[in-house]
Amino acid sequence: ALVMYSFHSRQLGAREDLVLLHTGLLALTIGGCGSLWGAAADRWGQRRRMMLGALGGAAALALLFPWLSLEAFMAASMLQVALLSSARLAFAAVTEWYPDRKGEAIGLLYAVASLVSALVALAAGQVYDRLLDARGASDAMMGLAVLMVPLLVLAAWLVLCLRGDEFARPAWMLRGAGPAAVGPAPSGIAARLAGLRALFAFESRWPPLILLGVLLVAMPRGAVVLTTLRYFEVRGAAVDFSALLEAWAVLMVLILYAVIGKVCDRMGAERVLLWSALAYGGLWSLFALGLPLTVAIVIFVIPIYPMLLVSDDALMARFTTARERNRGLGMAGATALVGQALGIALGYLLMGYFLDSGMANLDAYHWTYRANILLWIAAIGCTWWLSQRLRGEPGPA
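Owing to the predicted nature of the structure, the values given are computational and were not obtained by experimental measurement. (Residues numbered from 1 in each chain as written. Predicted model: local features only at pLDDT ≥ 70, side-chain atom pairs only at ≥ 80, totals over all residues. Heavy atoms only, no water.)

What follows deals with the overall build of the protein. Per the secondary structure count, the protein includes 18 helices and zero strands. Residue burial in the protein is summarised as follows: out of 397 residues, 52% are buried. Of the contacts formed within the protein by residues at least 6 apart in sequence, a portion of 83% connects residues at least 24 apart. Accessible surface for the protein amounts to roughly 17,100 Å². Of this, 68% is attributable to carbon and sulfur atoms. (Helix = DSSP H or I, 4+ residues; strand = E, 2+ residues; numbered from the N terminus. Buried < 20%, exposed > 50% of the residue type's maximum accessible area, 1.4 Å probe, protein only. Contact = heavy atoms within 4.5 Å. Areas by Shrake-Rupley, 256 points an atom, 1.4 Å probe, with all protein chains shown as cover.)

Now the structure itself:
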């Protein structure tokens, strides 16, 4: 249903550049909060309780959405995705269950999530489009709420089925060790800066550099890929077609998710990260040319995203210790989403400039896409350097 949120903001009166900003804010929120959930789980445990509370809050917010104004809806949708970002805790759990097959486990978890996402995206587009035509935007969003809430309740029931100390206590406690060292708490701005630095502090020197490479790939992806469905709508595609296209794209990436984890384990996740940059930079830069709609649609459904996400998670799982794992996997997801949010923010600024100068919506999209080619070049260069340095590099004991 998240596919429809930016479309709903447009129905509530948002201008085109504000629609892009809303998409970016959602990505930024779910990414940044994923790392906070992970840091809390590393410190205090209680993963099961945190996920249950988050799912309950997300369901309650879904029921409020139909009654909200544009500004209130944007704020409430950001709060909902902040709660849903607790799902990152599951990725840390599977790497603990399958320590010798981290990439495969992560890939299969993504595959299951993608299958459900594809089916729900297809249903959400049909529900929203039909209710929008018949009864308006508020009832269309109520239809999405009726679709979402039972799924969130089912998710909560599945979380209740999880048993074991690993869902109640942090990893360092289960291993009989002490918590990660925490220095004296400074005050004021120094305290906030120290807390921010602590999120990026790992025993290995590689995680911050891995996160930088992922960030550079994610930024142009956010500016181009995440705005493409709206771009298709500007070119005349109906909203139900956009939802159908999103469902097909997710089903395509599902196939790649199922196998790319094994590729990461066997050939090295650093190579797969480089492949993601090359594939994105090579294919999606073509959007700047103003491709025929059919060609653009074909590129849209080519699966690449699993290469970025699974290699990102696999590398962070490889170069973090058990006591850092929840935070590391949270930072991995955060970086991919924050990078996309920053890319969308750049697109928002460029789009606003082009629209204010009198440019038509379609031309503004094309010039925004052209500006991102330099970011693709930077992403390819950084991931190539990483692939050379990390090949054969063991993780911490």
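So, about the side chain of His22. Mapped onto the elements, His22 comes out in helix H2 (residues 16-44). Classification of His22 as buried rests on a relative accessible area of 0%. Of the polar contacts made by the side chain of His22, one reaches the side chain of Ser77; its length is 2.9 Å. Among residues more than four places away in sequence, those in contact with His22 are Tyr5, Ser6, Ser9, Phe73, Met74 and Ser77. (Polar contact = N/O pair within 3.5 Å; in protein donor to acceptor, adjacent residues only side chain to side chain.)

As for its position among the elements, Arg88 is in helix H5 (residues 88-97). Assessed through its relative accessible area of 11%, Arg88 is described here as buried. In contact with Arg88, not counting residues within four places along its chain, are Gly34, Tyr110, Asp313, Leu329, Ala332 and Gly333.

For the rest of this paragraph, the subject is the nonpolar core. The biggest cluster of nonpolar side chains holds 73 residues, and the ones touching the most others in it are Ile210, Phe232, Tyr257, Tyr280, Trp284 and Phe287. Beyond its immediate stretch of four places on either side in the chain, Trp284 contacts Val224, Val225, Thr228, Ala279, Ile299, Phe300, Ile304 and Trp376. One finds Ala58, Val81, Ala140 and Val149 within the second-largest nonpolar core, a separate group that totals 34 residues. (Core = buried A, V, L, I, M, F, W, Y, C linked by side-chain atoms within 4.5 Å.)

Here we come to the environment of Gly222. Among the secondary structure elements, Gly222 is positioned in helix H10 (residues 206-224). For Gly222, a relative accessible area of 0% corresponds to the buried category. The spacing of Gly222 and Ala341 is 119 residues in sequence and 6.2 Å in space, taken between C-alpha atoms.

Below, the discussion takes up the pattern of salt bridges. Taken as a whole, this structure holds four salt bridges when the rule is applied. When the shortest N-O distance is used, the salt bridge between Asp313 and Arg88 registers 2.9 Å. You can see Asp313 sitting in helix H15 (residues 305-318) and its partner Arg88 sitting in helix H5, a full 225 residues away along the chain. Neither Asp313 nor Arg88 differs from the other in exposure class; each is buried. Here Glu270 makes a salt bridge to Arg318, at a shortest N to O gap of 2.9 Å. (Salt bridge = Lys/Arg side-chain N within 4 Å of Asp/Glu carboxyl O.)

Checked against the element boundaries, Ala87 lands in the loop between helix H4 (70-84) and H5. Ala87 gets classed as partly exposed once you look at its relative accessible area, which sits at 41%. Linking Ala87 and Arg47, residues 40 residues apart in sequence, is a C-alpha distance of 9.8 Å.

On to the packing of aromatic side chains. Tallied over the full model, the rule gives 17 aromatic pairs. Their ring planes at 70° and their centres at 5.8 Å tell us that Phe232 and Phe300 sit as a pair that is edge-to-face. Placement of the pair is Phe232 in helix H11 (residues 228-234) and Phe300 in helix H14 (residues 293-301), with a sequence separation of 68 residues. Both residues of the pair, Phe232 and Phe300, count as buried. Ring geometry for Trp284 and Phe287: centres 4.7 Å apart, planes at 15°, overall stacked. (Phe/Tyr/Trp six-rings, centres within 6.5 Å; stacked < 30°, edge-to-face > 60°.)

With that settled, the discussion passes to the packing of H10 against helix H18 (residues 373-390). Packing of H10 against H18 brings their axes to within 9 Å, and their N-to-C directions diverge by 155°. Taken together, the axes of H10 and H18 are roughly antiparallel relative to one another. The handedness of the crossing between H10 and H18 is left-handed. The segment H10 lies against H18, with Trp206, Leu209, Ile210, Leu212, Gly213, Leu216, Val217, Met219, Pro220, Arg221 and Val224 engaging Leu375, Trp376, Ala378, Ala379, Cys382, Thr383, Trp385, Leu386, Arg389 and Leu390. (Axes fitted to C-alpha atoms, helices over the stretch in contact; angles between N-to-C directions. Parallel < 35°, antiparallel > 145°, perpendicular 65-115°, else oblique. Left-handed = near helix turned anticlockwise from the far one by under 90°.)

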